[in-house]
Amino acid sequence: MSGRPALSARIRRRSSAIAIAVIACALMTIAAPAHGAGVSLVSPSPANGALITTRPVPYSVPFAWSRETSGCPVPATAIATFHIFGPNGFSDSTTSTGAATDAATFTAGAVKPTNYTWFVQLTCGAVTAQSEVRTFTLQGPNLAPRVKGRYLVTVGGNRQIWRFAPRCAKGACATLARRPGSRWFTLNWNPLKRTYTGTITRLKSAKERICRITTRRGGRIVSRRTIRNVYRARNVAVLLRVGQTRVNRNGTVTFAQTLKGSHRTKYVPRARGKKLGCPASSTIGAKVIANRR
C-alpha cells in the first residue's frame, strides 16, 4: 500500500459477538513469525493502552507496521490487513500489498472517552502471521461542566444578565460571577453535587424586589403604587445546580448550558424606599434559572 489512506469514521457495523471472536482469535495467534513471515507495529502507532488526550475533532490517529516476508513463496504478493474495533462492535479495515512498511490513518469523533482495539494481519500464500493486539482511548471533550461567559438569568421572575469567569484554564472550578448591582463574587464548584455556591456580600441594587404600597382610607383602598429599584441586600446566598450541558464546536469543552437554583437574602429599602414607606423583608428564597447565551 502506498501513502497513508484515511479510514472513515463512518464505519460499517458488525455484531459485538463477531468483533469479540475476531479479537479473541487475534490474541491466540500472537506468536513468533512463522516460516519467516511476520508483522510488527512501529512508530508512530500509539503504544498499547495509550490515552489520546482532548483535542479538536476529528481525532486523527496514525498507525504503522513493518512486515517480514522472507518466508513467503512470493513476497511481493503478501497482503497486510489493518483491523480496528471500536464501541458497540464497530470496525474498519484496510489492506496493502507489496510494501516493506505500511501505514494508515484512522479519523473519528468522540463525545466521551472511547476505547479502540487494533492489530495487523499478514497473509502470504498459506502462511498467516499477526502483530500484537493493542488498545488506545480517545479521551473526548472535557466533561466537567464549565460556566463561562454571559447567561440570561431569571431571579424571582426578573430577567438579568450575569457574567461568569472561571479561575482555571479548563474544566469546572471556582468561578467569578457578577450580577446587576453586585461586584464580582466567587462561586465554588462541588463536583459530587454538581453545584456552584457562593455569597454576594453586598447587593447595592436588587431589581427583582418590588415595593408595593397600598393606601387605605376608612377601610377602603384609595391607591396602589408599585415602586421599582428601591431595594438592596447583603449576604445573598446563591446556589446554582448544573442542568443541561453542551459541547463546543471543537469537541473539546463541555459548557453548563442551563443552571437552576436559588437566591436567598433579606431585602432592605434604600433611602428612597424608606421615604416612600417600603418595608424590609424577611429572608426570601427566589428561584433562579440561567441559560447560556
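I will try to describe carefully the structure that is included in this document. (Residues numbered from 1 in each chain as written. Predicted model: local features only at pLDDT ≥ 70, side-chain atom pairs only at ≥ 80, totals over all residues. Heavy atoms only, no water.)

1. What about the overall build of the chain?
Here's step 1: Helix and strand content of the chain: two helices and 23 strands.
Here's step 2: Counting over 293 residues, the chain shows a buried share of 41%.
Here's step 3: Pairs at least 24 residues apart make up 63% of the contacts formed inside the chain by residues separated by at least 6 positions.
Here's step 4: Split by element, the accessible area of the chain, about 16,000 Å² in all, is 51% carbon and sulfur. (Helix = DSSP H or I, 4+ residues; strand = E, 2+ residues; numbered from the N terminus. Buried < 20%, exposed > 50% of the residue type's maximum accessible area, 1.4 Å probe, protein only. Contact = heavy atoms within 4.5 Å. Areas by Shrake-Rupley, 256 points an atom, 1.4 Å probe, with all protein chains shown as cover.)

2. Points about the pairing of strand β23 (residues 283–292)
Residues in a regular strand point their side chains to alternate faces of the sheet.
Here's step 1: Bridge analysis of strand β12 (residues 149–155) against β23 gives five bridges, and the strand direction is antiparallel. Counterpart to T154 in the pairing with β23 is I289.
Here's step 2: Looking at chain direction, strand β22 (residues 258–269) and β23 are connected through nine bridges and run antiparallel. Paired with K266 across the strands is T283, a residue of β23. (Pairing = 2+ DSSP bridges.)

3. Points about the environment of R167
Here's step 1: Tracing the sequence through the fold places R167 in the loop between β13 (158–166) and β14 (175–178).
Here's step 2: Taking the relative accessible area as the measure of exposure, R167 reaches 58% and is therefore exposed.
Here's step 3: With 19 residues separating them along the chain, R167 and T186 place their C-alpha atoms 9.4 Å apart.
Here's step 4: If we skip the residues at most four places from it in the chain, R167 touches C173, A174, T175, L176 and T186.

4. Examining the nonpolar core
Here's step 1: Of all hydrophobic cores here, the largest spans 32 residues; its most connected members are Y151, F164, L187, Y196, V238, L240 and L259.
Here's step 2: Within the residue set of this core, elements represented by two or more residues are β12, β13, β15 (185–190), β16 (195–203), β17 (211–217), β19 (231–242), β22 and β23.
Here's step 3: No other element matches the six residues that β19 contributes to this core. (Core = buried A, V, L, I, M, F, W, Y, C linked by side-chain atoms within 4.5 Å.)

5. Notes on the packing of aromatic side chains
Here's step 1: Enumeration according to the criterion identifies 13 aromatic pairs in this entry.
Here's step 2: Aromatic pair F106 and Y116: ring centres 5.2 Å apart, planes at 65°, arrangement edge-to-face. Remark: Y116 occurs in strand β8 (residues 114–124) and F106 occurs in strand β7 (residues 101–108); sequence separation between them is 10 residues. Judged on exposure class, the residue F106 and its partner Y116 are both buried.
Here's step 3: Ring pairs connect the aromatic residues F63, W65, F82, F106, Y116, W118 and F136, which therefore count as one cluster.
Here's step 4: Here R209 stacks its cationic end above the ring of Y231, 5.6 Å away from the centre of that ring. (Phe/Tyr/Trp six-rings, centres within 6.5 Å; stacked < 30°, edge-to-face > 60°. Lys NZ or Arg CZ within 6 Å of the ring centre and 35° of its normal.)

6. A short note on the layout of surface pockets
Here's step 1: Reported here for the second largest pocket is a volume of approximately 180 Å³.
Here's step 2: Around the second largest pocket sit R178, G181, S182, R183, W184, F185, I200, T201, R202 and K204, which together line it.
Here's step 3: With three residues, β16 is the largest single contributor of residues to the lining of the second largest pocket.
Here's step 4: Of the residues contributing to the lining of the second largest pocket, the split by class is three nonpolar, three polar and four charged. (1 Å grid on protein atoms, 1.4 Å probe; cavity = no way out; pocket = protein on both sides within 12 Å on 5 of 7 lines; lining within 4 Å. Points joined across faces, edges and corners; volume = space filled by probe spheres on them. Nonpolar A, V, L, I, M, F, W, Y, C, P; charged D, E, K, R; others polar.)

7. A word on the sheet that holds β12
Here's step 1: One closed barrel accounts for eight strands, arranged β12-β13-β14-β15-β16-β19-β22-β23; its pairing is antiparallel. Going from strand to strand, the sheet's axes swing by 30° on average, the running direction of each strand aside.
Here's step 2: Across three bridges, the pairing between β14 and β15 is antiparallel. In the strand pairing of β15, L176 is matched with T186. (Axes fitted to C-alpha atoms, helices over the stretch in contact; angles between N-to-C directions.)

8. Examining the pattern of salt bridges
Here's step 1: All told, the structure shown has three salt bridges when counted by the stated rule.
Here's step 2: R67 is paired through a salt bridge with D102; the nearest N and O atoms lie 2.7 Å apart. Taken as a pair, R67 in strand β4 (residues 59–68) and D102 in strand β7 lie far apart in primary sequence, 35 residues in all. Comparing R67 with D102 shows no difference in burial state: the two are buried.
Here's step 3: Residue R179 is joined to E208 by a salt bridge in which the shortest nitrogen-to-oxygen separation is 2.9 Å. Taken together, the residues span a long stretch of sequence, with R179 in the loop between β14 and β15 and E208 in the loop between β16 and β17 at a distance of 29 residues. As far as burial versus exposure is concerned, R179 and E208 are alike and both buried. (Salt bridge = Lys/Arg side-chain N within 4 Å of Asp/Glu carboxyl O.)

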